[in-house]
Structures are given as structure tokens and as C-alpha cells.
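# Structural characterization, general
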Amino acid sequence: MSVTAIPDARAELKEALERIQSEIDSAFDALLPVPEDTSARLVEAMRYAAIGGGKRVRPLLLAAVADLYGVDRTAAIHAGCAVEAIHAYSLIHDDLPCMDDDDLRHGKPTVHRAFDEATAVLAGDALHALAFDILVRPEITGDPFVRAELVGALARASGHEGMAGGQMMDMVADGQDYDLRQVTRLQQLKTGALLAASVEMGAILGRVAPEGRVHWRAYARDIGLAFQIADDLLDVEGDPAKAGKALRKDERQGKATFVTLMGLEPAREQARMLTEQAIARLASHGEDASLLKALARYIVERDR
């Protein structure tokens, strides 16, 4: 890669992140009008969680893959909102006192602090339902088979064989002596599953047959693990002000992480190796995949 290529890639990524953040926020604003009745508080809590939060890495992954196959941008943004609705619901529930008991998320009070616990539970439930409502709307595609496949991919990534299963493994981690294999499995479910679904859903929208998605699954697996290793490194080395959430929790709770099991420098090197491996998976797409390559690097280089 030339000296000028990296700055160009960073500029492309910065522009893409700013664009997807604006698009997702605008779409959620349209999807969640506040009603003029006593359910308004619920929708306000949903909007609080869904609008203006996070980097939108998941919908950017989805949209970038979809763009390689000429998918309509509106369809990709709506599918990205479905993924973000699941992500937002999971964060609301993870932050509750019965789970991680966090007070800060994305630099502002968590939903149960800004509203109340009951409203937070309902907001998470409603965002979960909204995700699948979005995926069956005609704005996604007129093909019912594609819509069904999108629903299946997101449902599997969200449930007991995905994100929820990983959260359960994490909740009981205090009483377990997890080794590297088990921590890898936990994170592939809790964090990696939704990232992988984002990539696969972009390919589904592009009408790529299952056998043509093998390299996408491998790319997603690599960046999913790199993402979590980077998170573990940030939990040890990061600045809470930049992270917008509490750090050092794993250390205080005595949980096994990639850092505690591997050490700081080996973990950092493993994240770099996974990133380069992910980028190599995209060789067949050439320069058309430059954004996805830059996104893989961003995952391990981000400071929050």
C-alpha cells in the first residue's frame, strides 16, 4: 500500500461513518414518531437509545457489503436500522441493575437512569420487535424470500445461539474458570454474532447465494474477534471520557478476557493479525472493498 493510500482510506472511512450516522439517525427519527397518548414515554425512551448513539459500525458493515452488489441505499439503511435496533435493545438490557448495572452509555445516562427500569425493559422489548417489523417492510425489498432470509439471519444472531447466549455465558463467568477457547466462544456469540449478521445481511440483500458468502463469513469472524480484543484492550488502557462508559469492569469482576489470558502485547498482536487476515479475505473484490478494509483496521485502532 502506498504512503498516500492510508490517509485516503482514513478519509473515506471518516466520511462513510459520518454519513451512516446521519442516515441511521434520520431513519430512526422517521420510524419512531412520538404518539400523542400515554405511550409517548416508551417511544421517547426508544428514541433516546436509538438516535445519536455509537459509531454505527454494524450498519456501515451492512451497507458497505450491500453497496458492492448495487443494492439500493434506502434498503441497506433500513436493514441497518434493524441491526441497530437489536444492538440498542441489547445495550438497554445489559445496562440494567439485574445485569451489568451501568449508569453511563455513549456518554450519557443509561436508559433506566434517564427514565426508569420498567420503561427501560419495555423500550428494549419494543426495539427488539421493531427490528423484525422493519425487515418485513417493502422498503427493504419486494422479494419475500430475501425478507425471510434477513429475518432468519438477524434472529439467529440475536438469540440463544448468538448474542443472548453469549450474554448468558458472560453473566455466569464470575463462577467459571474460562480458558482462551471458552472466552473466544463467548465473544463470538455476544459480540461477533451481530457483526457477522450485519455482513451477511448485506450479502443477502445483494442476492449472493449461501455458498458465495463463505469469504464474508470468514471476514466477519476475523473482525468480530479483533473487535472484542480491541474492546478488552480499551477496558485496560482506555480513557473513560472517550469511551463514554465505565471501564476496568472486567478487572474488578475478575473475569477472564483476551488480555488476562494472553497479555497486553500478544493480544494486541493477535488483533492486528486478525485484521490483516480479514483484509486478505476481500482480495477478490480489489479496490471496490477499500472501505471494508479501512473499517477492519479502524476496529483495532479506535480509541473508544
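Above this note sits the structure.
Residues numbered from 1 in each chain as written. Predicted model: local features only at pLDDT ≥ 70, side-chain atom pairs only at ≥ 80, totals over all residues. Heavy atoms only, no water.

Take helix α15 (residues 290-301) next. With 12 residues, α15 should reach 16 Å at 1.5 Å per residue; the first-to-last C-alpha distance of 16 Å fits that figure. By the criterion of burial, α15 is predominantly enclosed, with 9 of the 12 residues buried. For α15, the full list of buried residues reads S290, L291, L292, K293, A294, L295, A296, Y298 and I299. (Helix = DSSP H or I, 4+ residues; strand = E, 2+ residues; numbered from the N terminus. Expected span 1.5 Å × (residues − 1). Buried < 20%, exposed > 50% of the residue type's maximum accessible area, 1.4 Å probe, protein only.)

It is worth spelling out a nonpolar patch on the surface at this point. On the surface, a cluster of nonpolar side chains totalling about 330 Å² of accessible area is made up of M99, M168, M171 and V172. With respect to the secondary-structure elements, M99 resides in the loop between α4 (73-95) and β1 (104-105). Classification of M99 as partly exposed rests on a relative accessible area of 33%. (Patch = residues over 30% accessible without salt bridge, like charges linked within 9 Å, V, L, I, M, F, W, Y side chains within 5 Å. Areas by Shrake-Rupley, 256 points an atom, 1.4 Å probe, with all protein chains shown as cover. Salt bridge = Lys/Arg side-chain N within 4 Å of Asp/Glu carboxyl O.)

Relative to the helices and strands, T257 is located in the loop between α12 (249-253) and α13 (258-262). Within polar-contact distance, the side chain of T257 engages the backbone nitrogen of V259 at 3.2 Å. (Polar contact = N/O pair within 3.5 Å; in protein donor to acceptor, adjacent residues only side chain to side chain.)

Before going further, it helps to examine the nonpolar core. Within the largest apolar cluster, 95 residues are counted, with the highest numbers of intra-cluster contacts made by F28, L61, L127, L135, L154, M201 and Y219. Each residue touching L135, except ones within four places of it in the same chain, is listed here: A79, A82, I140, R147, L150, V151, L154 and M201. (Core = buried A, V, L, I, M, F, W, Y, C linked by side-chain atoms within 4.5 Å. Contact = heavy atoms within 4.5 Å.)

Moving on: the layout of surface pockets. There is about 460 Å³ of room inside the second largest pocket. In this structure, the second largest pocket is lined by 18 residues; those nearest its centre are G192, A193, A196, A197 and E200. At the level of elements, α7 (144-158), α9 (180-205) and α10 (214-237) are the ones that each hand at least two residues to the lining of the second largest pocket. Top contributing element to the lining of the second largest pocket by residue count: α9, with 7 residues. Looking at the lining of the second largest pocket residue by residue, the classes come out as 8 nonpolar, 3 polar and 7 charged. (1 Å grid on protein atoms, 1.4 Å probe; cavity = no way out; pocket = protein on both sides within 12 Å on 5 of 7 lines; lining within 4 Å. Points joined across faces, edges and corners; volume = space filled by probe spheres on them. Nonpolar A, V, L, I, M, F, W, Y, C, P; charged D, E, K, R; others polar.)

A separate point is the pattern of salt bridges. Applying the stated criterion across every chain yields a total of 20 salt bridges. R56 is the partner of D25 in a salt bridge, and the nearest nitrogen-oxygen pair spans 2.7 Å. On the criterion of sequence distance, the pair formed by D25 in helix α1 (residues 5-31) and R56 in the loop between α2 (40-50) and α3 (57-68) is long-range, its members being 31 residues apart. By relative accessible area, R56 is classed as buried at 5%. A salt bridge links R297 to E276; the nearest nitrogen and oxygen atoms lie 3.9 Å apart. Taken together, the residues R297 in helix α15 and E276 in helix α14 (residues 264-280) connect sequence positions 21 residues apart. Relative accessible area serves as the criterion here: at 22%, R297 is assigned to the partly exposed category. Here the salt bridges do not stand alone but share partners, grouping E149, E200, R213 and R217 into one network.

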